Structures are given as structure tokens and as C-alpha cells.
Amino acid sequence: MSVRQIDQPPKLGRLYARAAVTARGRHGDRLPDVSIERRDVAVDRDRLAGYADVCGFRHSDLLPATYPHVLAFPLAVSLMVDPTFPFPLPGLVHVANRISQSRALGTDERLDLRVHAAELRDHQRGRQFDMITEVTVAGEPVWTEASTYLRRERTKPSESRSPHQSHSSSPAQQDLPPPPAGEGWGGGSPNAVWRVPRDIGRRYAAVSGDVNPIHLNPLAARLFGFRRAIAHGMWLKARCLAAMEGRLPDGLTASVEFKSPLLLPSTVAFSSRPSETGWIVAVSHAATGRPHLTGRVDERVLR
């Protein structure tokens, strides 16, 4: 795999604009055999404080487990808008995310980031792939992420797929719990009810840089089939971990599936319960019980 190094984070607004104008004509059966790296990345404490406020974390000298995603996401988008990438970025659906960290990261540490795409495989609604992020500190692997994306396609997967492609699930989707039944988890009362405001997409975009229009503008969201703007999936995952702050170890694995879009504004129910290895969590629509997120947080690092 070749390596492409960059010194500065790409501007996500420019990348989304490029994605819109280069969407037509993309096709293929292979992911690019390249990784994008950015080394010696420092944490901006003001930006981190804003992120903590929007997601519900306490201010701390340790990074929330979800924060390295924010630092590496511009690299992932750069790869997905590259001419060698087989799918257009508009329309890709973020369906699952798994983060593992062996220890907590300090705000004063310098991080090396590496992102690549992997595991193009069939899915009953099209094709999936993973964006893999690895974070090291002074050569020590400390944090990894697998973000699974779905490319919806009308043709049946068996009609036009290469024989080398895998049908296996990704690390982000393995061993996840089923959606909750009824209100809360298993019909009981939720741990908390959150009123998610209309502007949470704009607020999260301001601290994360993820300015995807479907999270900011209801008109743009309607172009992709949503009645209103939708919350960022990674904001919702971060909000769940923030709700459990103080109960989680420094080394953990947090895996979630994004079950349905969270329209803004909404009122949702958050549920958590202990498991043999940590916690099982869910977020559902408070009135209907429709699941938005299900997942688990394991008190150990899964490879």
C-alpha cells in the first residue's frame, strides 16, 4: 500500500464541494490501495472544549474516545473524493462505527494519523466498505477506528460482483445487540430523555468541521430523502459515551450501529444496561420506540 503524507488538514467544506461536482461517472470494484497520513498532530484545546460542550463531555486533560475521529475525518473524506475512489461521496450512508483505544490520550500528546479504505464487500442493499483509522503516539498504537459505509445500489449484489469480494461483517458490526423492544430497553424506563435541538447539526459542524449539508440545511436533506436535517451519527455516539462518563475505563471498545436517521429536532430516549464485558446502549425515538442507535461498550480492547 502506498502512503500519501499531508502536513495540514484539508478543509472539509472544499472537499464536500469537490464531491458534489465529481460525483458523476464514478464506478469500480476496487478500493484505492493507498493510505493518507498526517503526523505530529497537536490538539487545539479551544476546539476540544467546544466539542466537549456540544457532545456533553466534561472538560478534561484527556481526550474523549470519539475525538480522534474528528482529527482524522478530513483525511478519510480526502480519500473518498480522490479520483481513484469507486463511489461518489454524496449518498454514502454511515451505518456503523467501532472505536478501540488501549489507553486514554492526553491533550498534550502529539498524534500520528493514518487512514485507508478496506474490505469492499457485498450487502443485500448494495456494497459496503470500511474506512480504517489508526492513531499512534511515538510509534505506539493507541487508537483504532472502523467506520462502515453503505453504497446503495439497485442491482442485486450477485449480478455484478467480483469473486474476490467478501460477504463477512466488518469489525464495526460484529456482536452488536438487537434493537430495544418498546420504550427504553426491554420495555423498561429509559435512563434519560434527551431533547435534541434543531441546531445541533450546525453546532457539531462548527466544532468538528463536518459540514455535510444534510446535517445543516433541511432543503439539502430533502434532496437525499430526509424530511428534515439529520443529526451526525458521530455526535450521537459521542453523546452516548458522554452520558456514561465516569463509568468507563481508559481502555475500551465502543461499537455502534446507526439504525435510522435522527431528524432535527427530536426527543429521544437513552438506555444503558450492564453486560458481562461492559455496557449495552441504545437510543430510540421517545414516542415511537424507533431505534436510532444500538451498541455496546466493552471494558477491554478488541482487535
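Coordinates for the structure precede this section.
Because the structure is predicted, anything quoted here is derived from the model rather than measured.

Q: Quick question: what am I supposed to make of the overall build of the protein chain here?
A: When helices and strands are tallied, the protein chain shows six helices and 11 strands. Taken across its 303 residues, the protein chain has 53% of its residues classed as buried. A fraction of 74% describes how many contacts in the protein chain between residues 6 or more apart in sequence connect residues 24 or more apart. Total accessible area on the protein chain stands at roughly 14100 Å², and carbon and sulfur atoms take up 49% of it.

Q: Hey, could you run me through the sheet that holds strand β2 (residues 34–41) in this one?
A: By definition, the strands of a sheet pair up through backbone hydrogen bonds, in either a parallel or an antiparallel sense. Strand order across the open sheet formed by 11 strands is β1-β2-β4-β5-β6-β3-β8-β11-β10-β9-β7, with mixed pairing between neighbours. In this open sheet, the two edge strands, each paired with only one partner strand, are β1 (2–6) and β7 (192–196). Ignoring strand direction, the axes of neighbouring strands in this sheet form an average angle of 20°. Taken together, the six bridges between strand β8 (residues 252–258) and strand β11 (residues 291–298) define a ladder with antiparallel strand orientation. Residue pairing in the sheet places V256 in a bridge with G295 of β11.

Q: Would you explain the nonpolar core in this entry?
A: Side chains that are nonpolar tend, in soluble globular proteins, to be buried together. Among the nonpolar cores identified, the biggest contains 73 residues, and Y51, L111, F129, M131 and W235 are the most heavily contacted of them. No other element matches the 10 residues that helix α3 (residues 67–80) contributes to this core.

Q: Explain the environment of L12 to me, please; I cannot follow it from the model alone.
A: Along the chain, the position of L12 falls in helix α1 (residues 12–21). The spacing of L12 and V211 is 199 residues in sequence and 6.8 Å in space, taken between C-alpha atoms. Those residues in contact with L12 that lie beyond four places of it in its chain are F73, P74, V77, S208, G209, D210 and V211.

Q: Is there a simple way to explain the packing of aromatic side chains in this structure?
A: Each aromatic ring pair is described using two quantities: the centre-to-centre distance and the angle formed by the ring planes. The tally for this structure, following the rule as stated, stands at eight aromatic pairs. For the pair Y51 and F57, a centre-to-centre distance of 6.2 Å together with 10° between the ring planes defines the contact as stacked. Here the two residues Y51 and F57 agree in accessibility, since each one is buried. Ring centres 5.0 Å apart and planes at 70° place the aromatic pair Y51 and Y67 in the edge-to-face group. Within this pair, whereas Y51 is found in helix α2 (residues 45–55), its partner Y67 is found in helix α3, the two being separated by 16 residues in sequence. The exposure class of Y67 is buried, given its relative accessible area of 0%. These aromatic residues form a ring-pair network of at least three members: Y51, F57, Y67 and Y204. Note that R239 overlies the ring of W194, its terminal NZ or CZ placed 4.3 Å from the centroid. R247 extends its terminal NZ or CZ atom over the ring of W279, reaching a point 4.8 Å from the ring centre.

Q: How do you make sense of helix α4 (residues 200–208) when you look at a structure like this?
A: For an α-helix, 3.6 residues make a turn, and residues three or four places apart therefore share a direction. For α4, the complete set of buried residues consists of I200, G201, Y204, A205, V207 and S208. Looking at the packing, one finds that the buried side of α4 touches α1, α2, α3, β7 and α6 (233–243). Once α4 ends, the next one or two residues include G209, with phi positive near 85°.

Q: What's the story with the pattern of salt bridges in this structure? I'm lost.
A: It is possible for side chains of opposite charge to pair when their charged atoms get near one another. Under the defined criterion, the tally for this structure stands at 12 salt bridges. Where E37 meets R114, a salt bridge forms, and the shortest distance between an N and an O atom there is 2.3 Å. Of this pair, E37 sits in strand β2 while R114 sits in strand β4 (residues 111–123), placing them 77 residues apart in sequence. With a relative accessible area of 32%, R114 lands in the partly exposed category. Through salt bridges with shared partners, a single network forms among D29, R127 and E153.

The rules behind each value
- Residues numbered from 1 in each chain as written.
- Predicted model: local features only at pLDDT ≥ 70, side-chain atom pairs only at ≥ 80, totals over all residues.
- Heavy atoms only, no water.
- Helix = DSSP H or I, 4+ residues; strand = E, 2+ residues; numbered from the N terminus.
- Buried < 20%, exposed > 50% of the residue type's maximum accessible area, 1.4 Å probe, protein only.
- Contact = heavy atoms within 4.5 Å.
- Areas by Shrake-Rupley, 256 points an atom, 1.4 Å probe, with all protein chains shown as cover.
- Pairing = 2+ DSSP bridges.
- Axes fitted to C-alpha atoms, helices over the stretch in contact; angles between N-to-C directions.
- Core = buried A, V, L, I, M, F, W, Y, C linked by side-chain atoms within 4.5 Å.
- Phe/Tyr/Trp six-rings, centres within 6.5 Å; stacked < 30°, edge-to-face > 60°.
- Lys NZ or Arg CZ within 6 Å of the ring centre and 35° of its normal.
- Salt bridge = Lys/Arg side-chain N within 4 Å of Asp/Glu carboxyl O.

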